[in-house]
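Listed here are the chains, written in short residue letters.
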Amino acid sequence: MNNIFQKRRARLLAMKALRGTYLPPEQIITCPGCGQESPRREVADNLSVCPKCGYHWPVGAYYRLGFLLDAGSFRELDPKLPAENPLSFPGYPEKLQTARRRTGLSEAVVTAVGAIQGQRCVTAVLDSRFLMGSMSAAVGEKLTLAVEYAGRNRLPLIIFSASGGARMQEGILSLMQMAKTSAALARFSEKGLLYLSVLTDPTTGGVTASFASLGDIILAEPGALIGFAGPRVIEQTIGQQLPEGFQRAEFMMEHGFVDAIVPRARLREVLGQLLMLHGKGGRHG
Amino acid sequence: MAEPLTAARRVSIARHPQRPNMEDYLQALFPDFFALRGDRVCGEDPAILGGIARFHGQSVTVIGTRKGKTLEENLKVNFGMPNPEGYRKALRLMQQAEKFRRPIITLIDTSGAYPGMQAEEHGQGEAIARNLYEMSRLTVPVIAVITGEGNSGGALALAVANRVLMLENAVYAILSPEGFSSILWKDASRHEEACGLMKMTAPELKAMGVIDDVIPEPAGGAHLAPEIAFREVERSLLLHLSQLNRQKGSALAADRYEKFRSMGQLSRREDV
């Protein structure tokens, strides 16, 4: 019986993951990293990483969960918690509808409970296709519920960030999600539980200035843009061009804000190892 | 009764160069303020001023962002835009307040955290995140007063408080209306339109439950009669502080947590 459910869950996730690609539709695609051409299929089979230079295309939330979690272990938390329009902002409901239709997501984050190499954990993945992965009250609420679920069940937590920052149309309520998620993580941490933060391209604005920077361990995908202010804002402020590599994952590691850079192909293995090193299921006591 | 001011009008009052600033409030309300400096890591950020003072018989920690009234003063304080060193100093002083059981009062007037190269290299995002995280679990009373502009994570990093108060013409928002309109519409000149939509004024935020109290200002703005503004801020601080002083430390932390936990709660729906 259990096996049937597992197979069904695995198939469901695989179907959702299919829509999670950011690769252009052409048969031959040009890498924005090295400018070389590769057959689309080859890139897709390589977890959306350029086989020539290692450039990491962003990937969708379900796609990431699909290659990260043990087959059949995925169970989504709070799938039906959509954004509202708290400021009655003109045009916002239509924007949300379009984003939902285009991505098949209900919001910019998917939260799930699952297992990596047999170790149960709670995983949240932001998806930058949905209004730039911006932080709405729904994103903040889903993340907070996931943190609380992990805390209640004494499970380790992994959050993959990918966000342009605040959801403008929700104004101050978007800002308040920074305090809400950070406070929830403080409570979670007091229970002695593990939080792994994985920064992917791009992690900026209010997400960097809240939960993304608060991991016990912070990992990043190669080349990911990571910062508080966006590069354009900084360039306007200082009136000069930023040097090559500024605010990239490698730069952030050099400056002491990232523990390790992990290529996508090794993520599952590294996360599995870190979960293992923190005891069975991250349990401390 | 005069017509209520538009949001755009309030923004210009909030930014008035003669609007009372951190130093003015210190002089009027905390005359024996003793400044403490440095983040004990690598720097001292003049955009944030912090220290200890006596307030109505009680020792308090006061922390705030600084704005100057002249170009020269503003250059010294980076136009009130803090660097990570400033947020880390603020956190150091807050943790010291926790140790010595002193209430914390923050005075906020900033257009946001500084978007500079060095600020990024020194972890602006991490510094703000750390403040949100640590402030949420302090067990002493924390009162934040937004006196002018309170923009972005740069303001929130000092505003995870038991009571968030705003002067009547202060504004509190995700970012400046100019930044908002340039991100949303790629057109910074539509900032007045943005002001109307952003729900950034004290009465609007009070109605939404984001802030706790509106502190009245003299007609036309605090700069026209600063003494009135000082007395109103003092009265409001005293009122809220006396209420919070009666609460236990654990209750203060729990109430503060619940306050921010409830911001933007949503209901599950089946139709998406």
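Note that the structure is a prediction, hence the values are computed from the model and not measured.

Section: the overall build of chain A
Here's step 1: Assigned secondary structure in chain A consists of 10 helices and 9 strands.
Here's step 2: When its C-alpha atoms are laid out on the principal axes, chain A stretches across 55 × 45 × 40 Å.
Here's step 3: Scored against the burial criterion, the 285 residues of chain A give a buried share of 58%.
Here's step 4: Summarising the internal contacts of chain A: among those between residues at least 6 apart in sequence, 69% fall at separations of at least 24.
Here's step 5: Side chains of chain A carry 32 positive and 24 negative charges; the gap between the two charge centres is 9 Å.

Re helix H3 (residues 61-68) of chain A
Here's step 1: For H3 of chain A, a buried count of 7 out of 8 residues is recorded, marking the element as mostly surrounded by other parts of the structure.
Here's step 2: When we look at burial in H3 of chain A, the residues that qualify are Ala61, Tyr62, Tyr63, Arg64, Leu65, Phe67 and Leu68 of chain A.

Section: unusual backbone geometry
Residues and elements named next belong to chain A.
Here's step 1: Backbone torsion omega between Asp201 and Pro202 reads -10 degrees, so that peptide bond is classified as cis.
Here's step 2: If you trace the backbone, Pro202 turns up in strand E7 (residues 195-203).
Here's step 3: With a phi close to 45 degrees, Leu131 is a non-glycine residue in the positive phi region.

Looking at the sheet that holds strand E4 (residues 109-116) of chain A
All names here are of chain A.
Here's step 1: On the basis of which strands lie adjacent, the open sheet formed by 7 strands has the order E3-E4-E5-E6-E7-E8-E9 and mixed pairing. Taken across any chain shown, the strands that pair with only one partner, and hence form the sheet edges, are strand E3 (75-77) and strand E9 (260-261).
Here's step 2: Taken together, the 6 bridges between strand E6 (residues 157-163) and E7 define a ladder with parallel strand orientation. Its bridge partner lying in E7, Ser161 is registered against Leu199.
Here's step 3: Strand contacts of helix H10 (residues 264-277): E4, strand E5 (119-126), E6, E7 and strand E8 (217-220), with the helix running at about 155 degrees to E7, the strand carrying the most contacts.

Some points on the nonpolar core
Here's step 1: Among the nonpolar cores identified, the biggest contains 168 residues, and Phe211 and Leu271 of chain A together with Phe30 and Tyr172 of chain B are the most heavily contacted of them.
Here's step 2: The element that contributes the greatest number of residues to this core is helix H6 (residues 171-190) of chain A, accounting for 11 residues.
Here's step 3: With residues near it in sequence (within four places) discarded, Phe211 of chain A still touches Leu126, Met135, Leu143, Ile159, Ser161, Thr181, Ser182, Leu185, Tyr195 and Ser197 of chain A.
Here's step 4: If you look at the next biggest cluster of nonpolar residues, it comprises 6 residues, including Ile29, Cys31, Val43 and Cys50 of chain A.

So, the side chain of Ser134 of chain A
Here's step 1: Within the element layout of this structure, Ser134 of chain A appears in the loop between E5 and helix H5 (137-152).
Here's step 2: Apart from the residues lying within four places of it in its own chain, the contact partners of Ser134 of chain A are Ala108, Val139, Ser163, Gly165, Ala166 and Arg167 of chain A.

Some details on the environment of Asp39 of chain B
Residues and elements named next belong to chain B.
Here's step 1: Among the secondary structure elements, Asp39 is positioned in the loop between strand E1 (34-35) and strand E2 (48-55).
Here's step 2: By relative accessible area, which is 6% here, Asp39 ends up buried.
Here's step 3: Distance from Asp39 to Pro103, taken between C-alpha atoms, is 20 Å for residues 64 residues apart in sequence.
Here's step 4: In contact with Asp39, other than residues within four places in its own chain, are Glu85, Arg88, Lys89 and Arg92.

Concerning the packing of aromatic side chains
Here's step 1: Counting across every chain of the model gives 8 aromatic pairs over all chains.
Here's step 2: With 6.3 Å between their ring centres and 75 degrees between their planes, Tyr62 of chain A and Phe74 of chain A make a pair best called edge-to-face. Here the residue Tyr62 of chain A occupies a position in helix H3, and Phe74 of chain A occupies one in the loop between H3 and E3, the gap between them amounting to 12 residues. As far as the burial class goes, Tyr62 of chain A and Phe74 of chain A line up, both buried.
Here's step 3: For the ring pair Phe180 of chain B and Trp185 of chain B, a centre distance of 6.3 Å and an interplane angle of 85 degrees mean the geometry is edge-to-face.
Here's step 4: For Phe180 of chain B, a relative accessible area of 1% translates into the label buried.
Here's step 5: Taken together, Phe89 of chain A together with Phe180 and Trp185 of chain B form an aromatic cluster joined through their ring pairs.
Here's step 6: Here the guanidinium or amino end of Arg190 of chain B rests over the ring plane of Trp185 of chain B, the centre of that ring lying 4.2 Å away.

Comments concerning the pattern of salt bridges
Residues and elements named next belong to chain A.
Here's step 1: For the coordinates displayed, the defined rule picks out 28 salt bridges over all chains.
Here's step 2: In this structure, Asp70 and Arg268 form a salt bridge, with 2.7 Å as the shortest nitrogen-oxygen distance. Taken together, the positions of Asp70 in the loop between H3 and E3 and Arg268 in helix H10 put the pair 198 residues apart, joining distant regions of the chain.
Here's step 3: Assessed through its relative accessible area of 27%, Arg268 is described here as partly exposed.

Observations regarding the interface of chain A and chain B
Here's step 1: Contact residues are listed per partner, giving 57 residues for chain A and 52 residues for chain B.
Here's step 2: Summed over both partners, the interface of chain A with chain B buries about 4,900 Å², with 70% contributed by carbon and sulfur atoms.
Here's step 3: Area buried by chain A at its contact with chain B is led by Lys80, Met168 and Phe228 of chain A, which between them contribute 14% of it.
Here's step 4: Note that Glu190 of chain A is salt-bridged to Arg137 of chain B, the shortest N-O span being 3.1 Å.
Here's step 5: Where chain A touches chain B, the interface holds 11 residue pairs in polar contact (both at pLDDT 80 or more).
Here's step 6: If you list the elements that add at least two residues to the side of chain A that touches chain B, you get H5, H6 and helix H8 (231-238) of chain A.
Here's step 7: The residue inventory of the side of chain A that touches chain B, partitioned by class, reads 33 nonpolar, 15 polar and 9 charged.

Parameters at a glance
Residues numbered from 1 in each chain as written. Chains lettered and ligands numbered in written order. Predicted model: local features only at pLDDT ≥ 70, side-chain atom pairs only at ≥ 80, totals over all residues. Heavy atoms only, no water. Helix = DSSP H or I, 4+ residues; strand = E, 2+ residues; numbered from the N terminus. Buried < 20%, exposed > 50% of the residue type's maximum accessible area, 1.4 Å probe, protein only. Contact = heavy atoms within 4.5 Å. Lys, Arg positive; Asp, Glu negative; His and termini not counted. Charge placed at Lys NZ, Arg CZ, Asp CG, Glu CD. Pairing = 2+ DSSP bridges. Axes fitted to C-alpha atoms, helices over the stretch in contact; angles between N-to-C directions. Core = buried A, V, L, I, M, F, W, Y, C linked by side-chain atoms within 4.5 Å. Phe/Tyr/Trp six-rings, centres within 6.5 Å; stacked < 30°, edge-to-face > 60°. Lys NZ or Arg CZ within 6 Å of the ring centre and 35° of its normal. Salt bridge = Lys/Arg side-chain N within 4 Å of Asp/Glu carboxyl O. Buried area = accessible area lost by both parts, 1.4 Å probe. Polar contact = N/O pair within 3.5 Å; in protein donor to acceptor, adjacent residues only side chain to side chain. Nonpolar A, V, L, I, M, F, W, Y, C, P; charged D, E, K, R; others polar.

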